[in-house]
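Chain and residue survey
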Amino acid sequence: MISDNIKRLEEKILNKCSSLGRDRNDIKLIGVTKTQPIEIIRQAVDAGLKDIGENKAQELKEKYEKLTNGIKWHFIGHLQTNKVKYVIKAADFIHSVDSIKLAEEINKRAFQIGKRQNVLLEIKTSNEATKFGLVDEKEIFETAEYCVKSSNLNLIGLMTIAPFTDNTELIRKSFIQLRKLKEKLNDSGFHLTELSMGMSNDFEIAIEEGSTMLRIGTAIFGERINN
Ligand SMILES: *Cc1c(COP(=O)(O)O)cnc(C)c1O
């Protein structure tokens, strides 16, 4: 069933890409496996999924230690500074940098293990979706600048969570805001390539608005028991 779900999703992504003239290869499909057991992740990987996303530091660490074969791990949840140590080895990408303080800690830990950490800034583009994420533009620019001048950070893009609503125009507004912010940063000298946006309910709108990283849980793995 997981492989069927991935196939079905893959078809939708492909259709959307071809209707827009976008290259499917410009979009990473990240399977969000929070609360799912190792066995389920194995099935997804066997079905061709290469990118796996987790939102809890300890959970990522435990799963990474049991399953390292060729998986790219994405940390997508809120990250407390004191938990960076759990994710620094495992995470190929950290999507949720939302303060200079957190960026500093990631840079420090990455330096200690001789790694250049891929990071994205989490931007709060709606009031209801999440408590976390940068809002103030000055703060966003300062955090981006901090990342760029830190030798063990590699700032590649921006991430957001759209509001949980049936109102597609509100969702689209959120994605447009993220895309415009990336353009604005790049206009002033940054070189961001990634937009991490789009979940099970809104990934097609996200693709329309330029997403390069889709974070999909329930459409692949079904409803979560908790979380
Ligand atoms: C859980 C989660 C997702 C996946 O959500 P679905 O609606 O299950 O696709 C994506 N991004 C983040 C940050 C999440 O926590």
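Preceding this paragraph is the structure being described.
These lines cover the structure that appears in this document, whether it is placed above or below.

Thresholds applied
Residues numbered from 1 in each chain as written. Predicted model: local features only at pLDDT ≥ 70, side-chain atom pairs only at ≥ 80, totals over all residues. Heavy atoms only, no water. Buried < 20%, exposed > 50% of the residue type's maximum accessible area, 1.4 Å probe, protein only. Helix = DSSP H or I, 4+ residues; strand = E, 2+ residues; numbered from the N terminus. Arc of directions from axis to C-beta. Contact = heavy atoms within 4.5 Å. Near = heavy atom within 4 Å. Polar contact = N/O pair within 3.5 Å; in protein donor to acceptor, adjacent residues only side chain to side chain. Areas by Shrake-Rupley, 256 points an atom, 1.4 Å probe, with all protein chains shown as cover. Nonpolar A, V, L, I, M, F, W, Y, C, P; charged D, E, K, R; others polar. Phe/Tyr/Trp six-rings, centres within 6.5 Å; stacked < 30°, edge-to-face > 60°. Lys NZ or Arg CZ within 6 Å of the ring centre and 35° of its normal. Pairing = 2+ DSSP bridges. Expected span 1.5 Å × (residues − 1).

1. Overview of helix H2 (residues 38–46)
- Of all the positions in H2, only Ile-38, Ile-40, Ile-41, Ala-44 and Val-45 are classed as buried. Looking straight down H2, one finds that the buried residues subtend no more than 160 degrees of arc, so they occupy a single side.
- Where H2 is buried, its residues touch helix H1 (2–20), strand E2 (51–54), helix H3 (57–66) and helix H9 (218–221).
- Positive phi appears at Gly-48, one or two residues downstream of H2, with a value of about 110 degrees.

2. Description of the environment of Leu-158
- Residue position: Leu-158 is located in strand E6 (residues 153–159).
- On the basis of relative accessible area, Leu-158 is assigned to the buried category, the value being 0%.
- Along the primary structure Leu-158 and Ile-171 are separated by 13 residues, whereas in three dimensions their C-alpha atoms are 16 Å apart.
- Those residues in contact with Leu-158 that sit more than four places away from it in its chain are Leu-120, Leu-121, Ile-123, Leu-178, Leu-181, Lys-182, Leu-185, Leu-192, Glu-194, Leu-195 and Ser-196.

3. With respect to the site of the ligand
- Around the ligand sit Val-32, Lys-34, Ile-76, Ile-161, Met-199, Ser-200, Arg-215, Ile-216, Gly-217, Thr-218 and Arg-224, and that is every residue in its neighbourhood.
- With respect to the ligand, the side chain of Lys-34 contributes an N or O atom lying 2.6 Å from an oxygen atom.
- Contact distances for the ligand include 2.9 Å between a nitrogen atom and a side-chain N or O atom of Arg-215.
- Surface burial for the ligand is 91%, taken as the share of its 390 Å² of free accessible area covered by protein chains.
- Taken together, the residues of the shell around the ligand break down into five nonpolar, three polar and three charged.

4. Observations concerning the packing of aromatic side chains
- This model, assessed by the stated rule, comprises one aromatic pair.
- Seen from their ring centres, Phe-141 and Phe-190 are 6.2 Å apart, and the 75 degrees between their planes marks the pair as edge-to-face. Residue Phe-141 is found in helix H6 (residues 137–149), and its partner Phe-190 is found in the loop between helix H7 (168–187) and strand E7 (194–196); the two are separated by 49 residues along the sequence. One exposure class covers both Phe-141 and Phe-190, and it is buried.
- Above the plane of the ring of Tyr-86 lies Lys-85, whose end atom (NZ or CZ) is 5.2 Å from the centre.

5. Let's talk about the pairing of strand E4 (residues 93–97)
- Among the five residues that make up E4, five are buried, leaving the element largely enclosed by the rest of the structure.
- Relative to E4, strand E3 (residues 72–75) runs parallel, the two being bridged by two bridges. Its bridge partner being in E4, His-74 is matched across the sheet by Phe-93.

6. Description of the environment of Gly-77
- With respect to the helices and strands, Gly-77 occurs in the loop between E3 and helix H4 (84–87).
- Gly-77 has contacts with Glu-54, Asn-55 and Ser-96, leaving out every residue within four places of it along the chain.

7. Quick notes on the environment of Leu-185
- Relative to the assigned elements, Leu-185 resides in helix H7.
- Remark: the alpha-carbon pair of Leu-185 and Asp-4, spanning 181 residues in sequence, is separated by 39 Å.

8. Remarks on H7
- End to end, H7 covers 28 Å across 20 residues, agreeing with the expected 28 Å (1.5 Å per residue, within 8%).
- Residues Ile-171, Arg-172, Ser-174, Phe-175, Leu-178, Leu-181, Lys-182 and Leu-185 constitute the buried set of H7.
- Of the surrounding elements, those touching the buried residues of H7 are H6, E6, E7 and helix H8 (203–208).
- Capping the start of H7 is the job of one residue whose side-chain oxygen sits 3.0 Å from the backbone nitrogen of Glu-169: Asn-167.
- Just downstream of H7 lies Gly-189, where phi reads positive at about 110 degrees.

Read these as geometric descriptors, not functional statements.
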